[in-house]
Amino acid sequence: MTGIPGGRSLHALVFAVLEHGVGQVARPEGLATSLIEETGTGDRTIKTFTGAGVETTVRAARDAAKRSTAERVALLWDGQLTGADGDEHAVMVLAQERGQDRTLVFAQRYTFEGVTVEPVGRPGFVGDREALLG
């Protein structure tokens, strides 16, 4: 991911989380908002957040990320991207590693083909946002 901020370890985490998200979004219960924490040695843990609405669960996951001691974090949820052609379903990931002052935003668009989820295009870098890590 030449030209995109963040190191190889963060990019590897983002791709793994996006792949996981696309695989989970087709499940009957859908994709739960999740916080993935990765240590400096690459060990990962996942915490899921359920409740009343995606805004609430994303806020709870952001709060948990601020308290994290992990080297890298990724926040995952089922969201939307708005473009010239309207809204599109997308698996969204906010990711940050220690030492970065901003969080990076990535997305993988998808469609439903019957009960199967089909990725649309390649994962993309959307921009940056305020820091996740406290």
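None of the values given here were measured: they were computed from a predicted structure. (Residues numbered from 1 in each chain as written. Predicted model: local features only at pLDDT ≥ 70, side-chain atom pairs only at ≥ 80, totals over all residues. Heavy atoms only, no water.)

1. Notes on the pairing of strand 3 (residues 72-83)
A regular strand carries its side chains on alternate faces of the sheet. Heads up, the rule is: Each pair of strands is called paired provided DSSP finds at least two bridges between the two strands. Strands here are runs of E lasting at least two residues and helices are runs of H or I lasting at least four, both read from the DSSP assignment and numbered beginning at the N terminus.
Of the pairings in the sheet, the one linking strand 1 (residues 33-38) to strand 3 comprises five bridges and is antiparallel in character. From the neighbouring strand, Ile-36 faces strand 3, where its bridge partner is Ala-74.

2. Section: the side chain of His-11
Applied cut-off: Each residue gets one of three labels from its accessible area relative to the maximum for its type: buried under 20%, exposed over 50%, partly exposed in between, using a 1.4 Å probe on protein chains only. Pairs of N or O atoms within 3.5 Å make up the polar contacts considered here, provided that, within protein, one atom can donate a hydrogen while the other can accept it, and that residues adjacent in sequence are counted only when both atoms are side-chain atoms.
With respect to the element layout, His-11 can be found in helix 1 (residues 8-25). On the accessibility criterion, His-11 (9% relative accessible area) is buried. At 3.3 Å, the side chain of His-11 and the backbone oxygen of Gly-6 are in polar contact.

3. A short note on the nonpolar core
What counts here: Residue types Ala, Val, Leu, Ile, Met, Phe, Trp, Tyr and Cys, when buried and joined through side-chain atoms within 4.5 Å, form a set referred to as a nonpolar core.
Among the nonpolar cores identified, the biggest contains 18 residues, and Val-17, Ala-74, Leu-76, Val-91 and Val-93 are the most heavily contacted of them. Put simply, the parts of the chain that give this core at least two residues each are helix 1, strand 3, strand 4 (86-97) and strand 5 (103-113). When residues of this core are assigned to their parent elements, the largest contribution, seven residues, is made by helix 1. In terms of nonpolar packing, the next biggest core, distinct from the first, is built from 17 residues, Val-58, Ala-70, Val-73 and Leu-75 among them.

4. Overview of the environment of Asp-87
Rules: In what follows, residue pairs with any heavy atoms lying within 4.5 Å of each other are defined as contacts.
By the secondary structure assignment, Asp-87 is in strand 4. Sequence separation between Asp-87 and Thr-69 is 18 residues; the distance between their C-alpha atoms is 35 Å. In this structure Asp-87 touches Gln-80, Leu-81 and Thr-82, once residues within four positions along its chain are discounted. At 2.6 Å, the side chain of Asp-87 and the side chain of Thr-82 are in polar contact.

5. Description of the environment of Ala-65
Inspection of the secondary structure assignment puts Ala-65 in helix 2 (residues 54-67). The class of Ala-65 is buried, set by a relative accessible area of 0%. Once residues within four sequence positions are removed from consideration, Ala-65 is found in contact with Leu-35, Leu-132, Leu-133 and Gly-134.

6. Looking at the packing of aromatic side chains
To keep it simple, the criterion reads: Between 30 and 60 degrees the pair is tilted, below 30 it is stacked and above 60 it is edge-to-face, where a pair is any two Phe, Tyr or Trp rings, Trp via its six-membered ring, whose centres lie within 6.5 Å.
Enumeration over the complete set of coordinates arrives at two aromatic pairs. Both rings, one in Phe-106 and one in Phe-125, keep their centres 5.5 Å apart while their planes meet at 55 degrees; by these two values the pair is tilted. You can see Phe-106 sitting in strand 5 and its partner Phe-125 sitting in strand 6 (residues 116-129), a full 19 residues away along the chain. With a centroid separation of 5.6 Å and an interplanar angle of 90 degrees, the aromatic rings of Tyr-110 and Phe-112 are classed as edge-to-face. The buried category is assigned to Tyr-110, whose relative accessible area is 3%. On the basis of relative accessible area, Phe-112 is assigned to the partly exposed category, the value being 42%.

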